[in-house]
Amino acid sequence: MSARLLKEGVYSVGAVDWNERNFHGHTYVTRKGVTYNSYLIVDNKIVLIDTLRKGFEEVLLENIKDVVIDISKIDAIIVNHIEPDHSGAFPKILKLCPDVEVYGTERARQGILKYYGVNGNWNVIKSGQSLNIGKRTLNFIDTPMMHWPDSMFTYSAYDKILFSNDAFGQHYATSKVFDDEVDFTLLMDEAQKYYANILWPFNAIVAAKLSAISKLNLDIELIAPSHGLVWRKYLSEVMRKYFYWSSHSCKNRIAVVYETMWKSTEKMARKIVEGIISENVEVALFDVTKDDRTDIASYMLDAKGWIFGSSTHDAEMLPVIAGFLHFLRGSKAMRRISSAFGSYGWSGEAVKCIEDIVSSVSSLNCPSLKVVFNPTDVELDKCFEFGKAFALKIKNEI
Ligand code: FEO
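The present account deals with the structure reproduced in this document. (Residues numbered from 1 in each chain as written. Predicted model: local features only at pLDDT ≥ 70, side-chain atom pairs only at ≥ 80, totals over all residues. Heavy atoms only, no water.)

1. Description of helix α8 (residues 264–278)
Here α8 is 15 residues long and its end C-alpha atoms lie 22 Å apart, about the 21 Å a rise of 1.5 Å per residue gives. Those residues of α8 that sit buried are S264, T265, E266, M268, A269, I272, V273, G275 and I276. Contact partners of the buried residues in α8: β17 (251–259), β18 (282–287), β19 (303–310), β22 (337–344), β23 (369–372) and α12 (377–396). Two residues or fewer past α8, N280 is found with a positive phi of approximately 60 degrees. (Helix = DSSP H or I, 4+ residues; strand = E, 2+ residues; numbered from the N terminus. Expected span 1.5 Å × (residues − 1). Buried < 20%, exposed > 50% of the residue type's maximum accessible area, 1.4 Å probe, protein only. Contact = heavy atoms within 4.5 Å.)

Below, the structure is given as structure tokens:
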């Protein structure tokens with residue numbers, strides 16, 4: 001890949017990581033790969049916005065050289081966020097440009113120093129501060145917890161570009177640059193997945209910050225995130241979605257997520273789904289050992305109803321769903337209705353284990369359902385009725 005022109009004097013100089021499948025350790029399955037975006041602005045001063053993940057230094061340097069030939073001519077690095085996917089190449093750039101000025105929040109300053117032992121000529125940025133680089137003045141907007149405490153946006157009024165770092169990102173490896181160059185449905189699916197797996201826990205902060213930013217009436221033609229495609233055609237769509245997701249809004253859809261040992265819990269799950277369908281409510285069934293946790297979370301982001309099932313094993317729920325529920329608890333979701341089910345042999349603790357975990361992120365006002373060993377026809381009828389009753393609850397809940 002080479003540098004890509006976004007607007008006169010503004011280039012995308014990032015890298016495509018086609019092969020990354022487990023981002024963030026193993027918290028995010030990235031079946032479409034990942035991009036790490038950095039941006040170069042050439043004005044009286046040459047400014048690099050964010051660096052890339054360690055291992056992609058040479059790609060970044062080659063892309064910068066496409067534009068400015070001499071790396072040492074970079075005058076400033078803006079650190080919008082310190083997470084290593086955006087700062088891993090920082091030490092290398094610093095070495096090549098020892099006199100470069102660095103701009104970022106105080107938390108970013110401390111974090112970069114802790115990660116790399118160097119942070120250069122750091123200028124601490126507070127929200128509302130700006131930096132003149134010639135024709136352009138760059139404005140900084142702090143956005144703590146979008147995604148880490150150090151995060152901030154950079155806005156160029158001259159270019160009408162908001163450099164939003166993690167916000168509005170998607171994990172979508174592609175040779176394209178702009179949102180309208182890829183399939184819209186796939187793009188929005190990835191944007192939803194990204195929100196569910198990166199920003200969902202920070203809904204309240206995202207909502208407040210977006211509201212504050214919208215009051216600034218910034219003239220924005222491009223949103224340039226540090227992952228995925230640059231938004232130019234579908235700005236209002238993605239912005240609307242961010243307001244929708246961050247407000248804990250959800251629709252009449254139900255996720256049934258289960259793990260089964262000898263298929264009894266699975267039989268229950270399938271009958272529950274039939275009961276839900278009989279009430280004409282949208283439902284999706286996920287075997288948590290087969291579906292990606294990342295995709296399940298994406299579906300659940302705006303699903304009003306959550307039903308979880310597990311066989312009982314050693315007086316606990318099964319281990320894969322246990323991991324998923326601990327992960328889900330981090331979402332700090334609100335306004336969800338949930339219930340639990342499962343088969344067991346002699347003690348049946350799994351249902352209670354599920355309820356204990358999900359009660360902090362959902363209302364458990366639908367009775368749970370347990371079956372001993374293999375469900376009989378009568379018990380399967382009960383599963384059907386359980387699904388039907390749950391669907392009715394979802395339909396009737398405001
Ligand atoms: Fe893409 Fe929070 O790093």
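2. Topic: the pairing of strand β15 (residues 161–165)
Counting buried positions over the 5 residues of β15 gives 5, a clear majority of the element. Here β15 shows a buried face lined by I161, F163 and N165 and a second buried face lined by L162 and S164. As judged from the 3 bridges shared by strand β14 (residues 152–156) and β15, these two strands associate in the antiparallel manner. Each residue of the ladder has a partner; that of S156, found in β15, is I161. Connecting β14 to the antiparallel partner β15 that follows it, the hairpin turn spans 4 residues, and K160 within it adopts a positive phi of roughly 60 degrees. Note that β15 and strand β16 (residues 222–225) share 4 bridges and pair parallel. (Pairing = 2+ DSSP bridges.)

3. Let's talk about the sheet that holds β15
Strands sit in the order β12-β13-β14-β15-β16 across an open sheet of 5 strands; the sheet is mixed. Every other strand in the sheet has two partners, leaving β12 (130–132) and β16 as the edge strands with one partner each. Strand-to-strand twist of the sheet, defined as the mean angle between neighbouring strand axes without regard to direction, takes the value 20 degrees. Inspection of the sheet shows β12 paired to strand β13 (residues 137–142) by 3 bridges, in the antiparallel sense. Looking at β13, one finds that N132 is bridged to T137. (Axes fitted to C-alpha atoms, helices over the stretch in contact; angles between N-to-C directions.)

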